[in-house]
Amino acid sequence: MSKQVRHISDFIESWAPFSTQAEYDNSGLLIGSKNSALTGILTCLDITDAVVDEAIENDCNLIVAHHPVIFRKIQRIDPDTDHGSLLYRLIQNNIAVLAVHTNLDAAQDGVSFVLADRIGLTSQEFLTWNDDDQTHGYGVIGSLSTPHSRPDFLNMICAALNTPAIRFAGSKQTISRVAVCGGTGISLASVAFAKQADAFVTADIKYHEYFDFPEMLKVDAGHFETEIHIADYLTKRLKEVFNDILIKTSSVITNPMKVHIASELNSSNTQKTIRS
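What counts and how
- Residues numbered from 1 in each chain as written.
- Predicted model: local features only at pLDDT ≥ 70, side-chain atom pairs only at ≥ 80, totals over all residues.
- Heavy atoms only, no water.
- Helix = DSSP H or I, 4+ residues; strand = E, 2+ residues; numbered from the N terminus.
- Rg over C-alpha atoms; globule rule 2.2 N^0.38 Å.
- Buried < 20%, exposed > 50% of the residue type's maximum accessible area, 1.4 Å probe, protein only.
- Contact = heavy atoms within 4.5 Å.
- Areas by Shrake-Rupley, 256 points an atom, 1.4 Å probe, with all protein chains shown as cover.
- Pairing = 2+ DSSP bridges.
- Axes fitted to C-alpha atoms, helices over the stretch in contact; angles between N-to-C directions.
- Lys, Arg positive; Asp, Glu negative; His and termini not counted.
- Salt bridge = Lys/Arg side-chain N within 4 Å of Asp/Glu carboxyl O.
- Core = buried A, V, L, I, M, F, W, Y, C linked by side-chain atoms within 4.5 Å.
- 1 Å grid on protein atoms, 1.4 Å probe; cavity = no way out; pocket = protein on both sides within 12 Å on 5 of 7 lines; lining within 4 Å.
- Points joined across faces, edges and corners; volume = space filled by probe spheres on them.
- Nonpolar A, V, L, I, M, F, W, Y, C, P; charged D, E, K, R; others polar.
- Phe/Tyr/Trp six-rings, centres within 6.5 Å; stacked < 30°, edge-to-face > 60°.
- Lys NZ or Arg CZ within 6 Å of the ring centre and 35° of its normal.
- Disulfide = S-S within 2.5 Å.

Caption draft 1: Here's a closer look at the overall build of the chain. The number of helices and strands found in the chain is 10 helices and 11 strands. Here the C-alpha radius of gyration of the chain, 20 Å, is about what a compact globule of 276 residues would show, namely 19 Å. Out of the 276 residues in the chain, the part that is buried amounts to 49%. A separation of at least 24 residues holds for 64% of the contacts in the chain among residues at least 6 apart in sequence. As displayed, the chain offers around 14,100 Å² of accessible surface, 48% of which is attributable to carbon and sulfur atoms.

Caption draft 2: Local environment of the sheet that holds strand 4 (residues 96-99). The strand order 1-4-3-2-11 describes an open sheet built from 5 strands, whose pairing is mixed. Looking at the sheet topology across the chains shown, the edges are occupied by strand 1 (28-31) and strand 11 (247-249). When the angles between neighbouring strand axes are averaged without regard to direction, this sheet yields 25°. In this sheet, strand 3 (residues 62-65) lies alongside strand 2 (residues 41-44) in parallel orientation, the contact comprising 4 bridges. Across the sheet, isoleucine 41 pairs through a bridge with leucine 62, a residue of strand 3. Contacting strand 1, strand 2, strand 3 and strand 4, helix 1 (residues 5-15) crosses the sheet at an angle of about 5° to strand 4. Of the strands in this sheet, strand 2, strand 3 and strand 11 touch helix 2 (residues 49-57), which is tilted by about 155° from strand 2.

Caption draft 3: Molecular detail of the side chain of asparagine 61. Within the secondary structure layout, asparagine 61 lies in the loop between helix 2 and strand 3. Among the residues examined, asparagine 61 registers a relative accessible area of 15% and is labelled buried. Each residue touching asparagine 61, except ones within four places of it in the same chain, is listed here: Ala37, Leu38, Thr39, Gly40, Asn94, Ile95 and Ala96.

Caption draft 4: A look at the side chain of aspartate 105. Tracing the backbone through its elements, the reader meets aspartate 105 in helix 4 (residues 102-105). We note that aspartate 105 is buried and unpaired, the nearest opposite charge coming from arginine 237 at a distance of 14 Å. Here aspartate 105 is in contact with His66, Val111, Gly137, Tyr138 and Glu227, once residues within four sequence places are set aside.

Caption draft 5: Representation of the nonpolar core within the structure. If you look at the biggest cluster of nonpolar residues, it comprises 25 residues, and the most contacted ones within it are Ile8, Ile12, Trp15, Ile41, Leu62, Val64 and Leu104. For this core, the elements supplying multiple residues, two or more each, are helix 1, strand 3, strand 4, helix 5 (111-118) and helix 9 (229-241). For this core, the element with the most residues is helix 1, which contributes 5 residues. The contact partners of leucine 104, leaving out residues within four places of it in the chain, are Trp15, Ala16, His66, Gly110, Val111, Ile230 and Leu234. If you look at the next biggest cluster of nonpolar residues, it comprises 24 residues, including Phe113, Leu154, Ile175 and Ala199.

Caption draft 6: Molecular detail of the layout of surface pockets. Of the voids in this model, the second largest pocket is the one considered here, and its volume is about 490 Å³. Contributing to the lining of the second largest pocket are 23 residues, with Tyr24, His101, Thr102, Asp105 and His223 lying nearest its centre. If you list the elements that add at least two residues to the lining of the second largest pocket, you get helix 4, strand 6 (137-149), strand 8 (174-184) and helix 8 (223-227). If you tally residues by element for the lining of the second largest pocket, the top one is strand 8, at 3 residues. Class assignment for the residues of the lining of the second largest pocket results in 9 nonpolar, 11 polar and 3 charged.

Caption draft 7: Seen up close, the packing of aromatic side chains. Scanning all chains against the criterion turns up 8 aromatic pairs. Their ring planes at 55° and their centres at 6.2 Å tell us that phenylalanine 11 and tryptophan 15 sit as a pair that is tilted. Taken as a pair, phenylalanine 11 and tryptophan 15 lie in helix 1 at a separation of 4 residues, close to a single helical turn. Pairing tyrosine 24 with phenylalanine 71 gives two aromatic rings, centres 6.3 Å apart and planes at 70°, and the pair type is edge-to-face. One end of the pair, tyrosine 24, is in the loop between helix 1 and strand 1; the other, phenylalanine 71, is in the loop between strand 3 and helix 3 (82-92), and 47 residues separate them in sequence. Classification of tyrosine 24 as exposed rests on a relative accessible area of 56%. In this structure phenylalanine 71 comes out as partly exposed when scored by relative accessible area, which is 34%. Across the ring face of tryptophan 15, the terminal group of arginine 237 is positioned such that the distance to the ring centre comes to 4.2 Å.

Caption draft 8: Region of the structure containing the state of the cysteines. Per the stated rule, a full pass over the model turns up 0 disulfides. In this structure cysteine 60 is not part of a disulfide, and its nearest cysteine sulfur, from cysteine 44, lies 11 Å away. Residue classification places cysteine 60 among the buried positions, given a relative accessible area of 2%. No disulfide involves cysteine 158; its sulfur sits 19 Å from that of cysteine 181, the nearest cysteine.

Here it is, written out as structure tokens:
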């Protein structure tokens, strides 16, 4: 019996139930029929035109994406707009889309656990629970195998997440206990601090939020950088169950943000500011 879209959706449901998604979210089957026979699966963080090209080239008629390609309410699909054109191409090419967003954020072995693994945290547990039976939550807290100095810790984060620069604040000089939350997770900073984290690694930190909890190191490692590794992990988990169908991770770098690192800095004040 050929595999269908519903088999993938059912597997995700058993791991990261769609009922656990946040109220504002739009996870689930967004485009296509659950009864469509599968020819191949492409996993990714974001769906862009280049990702759709890749799906077509590899005969993948299901894209499993972390970020929903339909998020806000839409009233029409207009192929003359960027978003409308993207949706139009997916439909025209019979490509189904399954979004696994905040339900995967809240799952055991979900986004934040994959991030925690990347930076080598041991004794991992949810940073905060979102249900009474403590089976789903947000963020992860754990420990490094050996304490790191602040510069070594920041360099390790850059290497683990393949990024040349990160923003940070906090006076802590020795890092042992670390909290993480993939994507936008600064709202959990108070929980990380209460659980005696020396550092909190997340993304999308606003200027004034860096002033909070001045001792704890707050690290903005980037939204893309803290979440992209979930795509490979999705591929791995799917291949363990569905080994008779093509499943691959998108090779497209969808991060729209670029970082410019100046070759020379003329201001000594600027140089002092960026030193760890």
